[in-house]
Amino acid sequence: MSTGAKTRSSRRGRPDTPFSWRGLWRSQRMRGYFYQVLVVAGMAAIILFMVGNALQSMAAKGMRIGLGFLSNEAGFTLAESVLPFGPTNTFLQAFVAGLGNTLWVSFVSLIFATLLGVLVGMARLSSNWLVSRGAAVYVEIFRNTPQLIQIVFWYTLFTLLPGARQAWHGMDWWFLSNRGLVLAWPEDRHAFTIVALALAAGLGGVYFFAKWADQRQRSTGQRLPVLVLSMAGLIAVGLLAWLATGAPTAIEYPRLTGFNFRGGITLSPEFLALALGLVLYFAAYISEIVRSGIQSVGKGQIEAGRAVGLHGFELYRHIILPQALRVIVPPVTAQYISLIKTSALGVAVGYPELFNVSNSIMTLSGHTLECVIIMGLVYLLLALGVSSLMNVFNRAVALRGAAR
């Protein structure tokens, strides 16, 4: 074997190549690993320094770190709470009550922001000049003014409303005053909750029924009246749940007693101001996402759908929405997460959400670091939960062909 052949063979197997730090450094992959380790080590050093500094400062002030304070008596009340809470409850129960208020205002705001955002987004695409321009003005106003100013503005308007005795009202069904909005409500709230849960389950059934109807139409060519059957099914589910709970019909009407209303359900000015601020602000962003998602669908496909006899709701359900949702869902998920986190602005108007309650616990317990960490973890878990649910929904509505 020639010398050149031996050299090539040696280079292929590299049995005699000595280890070289310079050769290792010339590897782009190894340099990448080194830089990543260096960055992580630097961040860890900074975090350890900050934590150590905080521990030394707290030790010098006689403060201890721990979660034992959560079992102590809170000693304060909340102006409103969707969960039972009193001054004899613990700090942990106060955290839970604040979380309940955060979830309540976030859920209501999320639903109405989505509905309003979809309507405004479609209105911006309207051929009617007044409708499209009005929607555009709404979007520009609410997207380009600070959200905190909007919340304070709505709260100020509610404080300027007439008192309870001069409240604006619609028969005995609702009263609007500087005490908030009071609505008539079913007297049997347990039955109302069951009916609401049954309707929510019915909506899930409608989704699966619509998918089955689509598959059936593709295989047989026979079209079912999905909208009519879905509405009839929802009504039937709600009616059956109502009958199963005893068919209660009693309504609790609000009555003015002294200087305030009794009975019904009350939405405080703080709740209404925060909810309006969240709904109107995020609906403006969602409307632009919806508009861009609809515009991403090619006009040729819409014309093709009309050519085969699809119009109105069927055109949106079969042609536009399946393609637009893959563009809409990811950015809307980010808006949902931002809405939940931005509910902390309720502290500006005194709504007792998680951040506001945590401030009270910090003041009374002195455990500032623990409260901040608990808040951060709670908001993180909420964001991850919403993101996971929306990812599941995104996979369910994604076009399989586009996914490949």
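Our subject is the structure listed above.
Counting from 1, residues in each chain are numbered in the order their sequence is written. Only residues with pLDDT of at least 70 get local features here, since the model is predicted, and only at 80 or more are side-chain atom pairs given and counted; chain-wide, interface and lining totals rely on the full set of residues. Values reported for side chains reflect all heavy atoms of the structure, with hydrogen atoms and water molecules removed beforehand.

**Q** Would you mind going over the overall build of the protein chain with me for this structure?
**A** On a plain count of helices and strands, the protein chain comes out with 14 helices and eight strands. Over its C-alpha trace the protein chain gives a radius of gyration of 29 Å, far above what one expects of a compact globule, namely 22 Å for 404 residues. Projected onto its principal axes, the C-alpha coordinates of the protein chain cover approximately 105 × 75 × 45 Å. Here the protein chain holds 404 residues, and 34% of them are scored as buried. Here, two residues are considered to be in contact whenever any of their heavy atoms come within 4.5 Å of each other. When contacts within the protein chain are restricted to residue pairs at least 6 apart in sequence, those whose partners lie at least 24 apart make up 65%. Method for areas: the Shrake-Rupley scheme with a 1.4 Å probe, in which residue coverage is limited to the protein chains shown. Accessible surface, the protein chain as shown: approximately 24,500 Å² in total, 66% of it carbon and sulfur. In this count, Lys and Arg are taken as positive residues and Asp and Glu as negative ones, while His and the chain termini are left out. The atom standing in for a charge is NZ when the residue is Lys, CZ when it is Arg, CG when it is Asp and CD when it is Glu. Each charge class in the protein chain was averaged separately, 32 positive and 15 negative side chains, and the resulting centres sit 21 Å apart. Only DSSP runs of H or I with at least four residues qualify as helices, and only runs of E with at least two residues qualify as strands; both kinds are numbered from the N terminus onward. With C-alpha atoms as the basis for the radius of gyration, the globule rule is written as 2.2 Å multiplied by the number of residues raised to the power 0.38. Whether a residue is buried, partly exposed or exposed follows from its accessible area with a 1.4 Å probe, protein chains only, as a fraction of its type maximum: under 20%, in between, or over 50%, in that order.

**Q** So what exactly am I meant to see when it comes to the packing of aromatic side chains here?
**A** Centre-to-centre distance and the angle between the planes together describe a pair of aromatic rings. Centre distance within 6.5 Å is the pairing criterion for rings of Phe, Tyr and Trp, where only the six-membered ring of Trp is used; planes under 30 degrees apart are then read as stacked, over 60 as edge-to-face, and the remainder as tilted. Across all of its chains, the model carries 13 aromatic pairs by this definition. Between Phe 69 and Phe 91 the ring centres are 6.2 Å apart and the planes differ by 50 degrees, which places this aromatic pair in the tilted class. Placement of the pair is Phe 69 in the loop between helix H3 (28-60) and helix H4 (91-124) and Phe 91 in helix H4, with a sequence separation of 22 residues. An identical accessibility class is assigned to Phe 69 and Phe 91; each is buried. Look at Tyr 281 and Tyr 285: their rings are 5.2 Å apart centre to centre, the planes differ by 55 degrees, and that puts the pair in the tilted class.

**Q** Got a minute to help me understand the environment of Gly 42 in this structure?
**A** For Gly 42, the location among the structural elements is in helix H3. Classification of Gly 42 by relative accessible area gives partly exposed; the value is 30%. For the pair formed by Gly 42 and Val 329, sequence separation is 287 residues and the distance between their alpha carbons is 36 Å.

**Q** What should I look at first to understand the pairing of strand S3 (residues 180-183) in this one?
**A** Side-chain positions along a regular strand alternate between the two faces of the sheet. Pairing between strands requires that DSSP locate at least two bridges from one strand to the other. Here strand S2 (residues 174-177) runs beside S3; their pairing, made up of four bridges, is antiparallel. Counted as the bridge partner of Leu 176 is Leu 181 from S3. Connecting the antiparallel pair S2 and S3 is a turn made up of two residues. Pairing analysis gives three bridges linking S3 to strand S8 (residues 265-267), with the strands arranged antiparallel. Within the sheet, the bridge partner assigned to Leu 183 lies in S8 and is Ile 265.

**Q** Could you clarify how one ought to interpret the nonpolar core in this entry?
**A** The nonpolar side chains of a soluble globular protein tend to be buried, and buried together. Membership of the largest hydrophobic core comes to 73 residues, with the highest contact counts inside it found for Phe 76, Tyr 138, Phe 271 and Ile 361. Listing elements by their share of this core, those giving two or more residues are H4, helix H5 (129-143), helix H6 (147-159), helix H9 (269-295), helix H11 (313-342), helix H12 (354-365) and helix H13 (368-397). Of the residues forming this core, the biggest block, 15 residues, is contributed by H9. Residues contacting Phe 76, with those up to four places away along its chain left out, are Phe 85, Gly 86, Pro 87, Phe 91, Ala 94, Val 357, Ser 360, Ile 361 and Leu 364. Ranked by size, the runner-up nonpolar core spans five residues in total, among them Ala 164, Ala 167, Phe 175 and Val 182. By nonpolar core is meant a set of buried Ala, Val, Leu, Ile, Met, Phe, Trp, Tyr and Cys residues that side-chain atoms within 4.5 Å join together.

**Q** What am I meant to see in unusual backbone geometry here?
**A** Negative phi is the rule for most residues except glycine; trans is the rule for most peptide bonds. With a phi close to 50 degrees, Ala 247 is a non-glycine residue in the positive phi region. Residue class for Ala 247 comes out partly exposed when judged on its relative accessible area of 25%.

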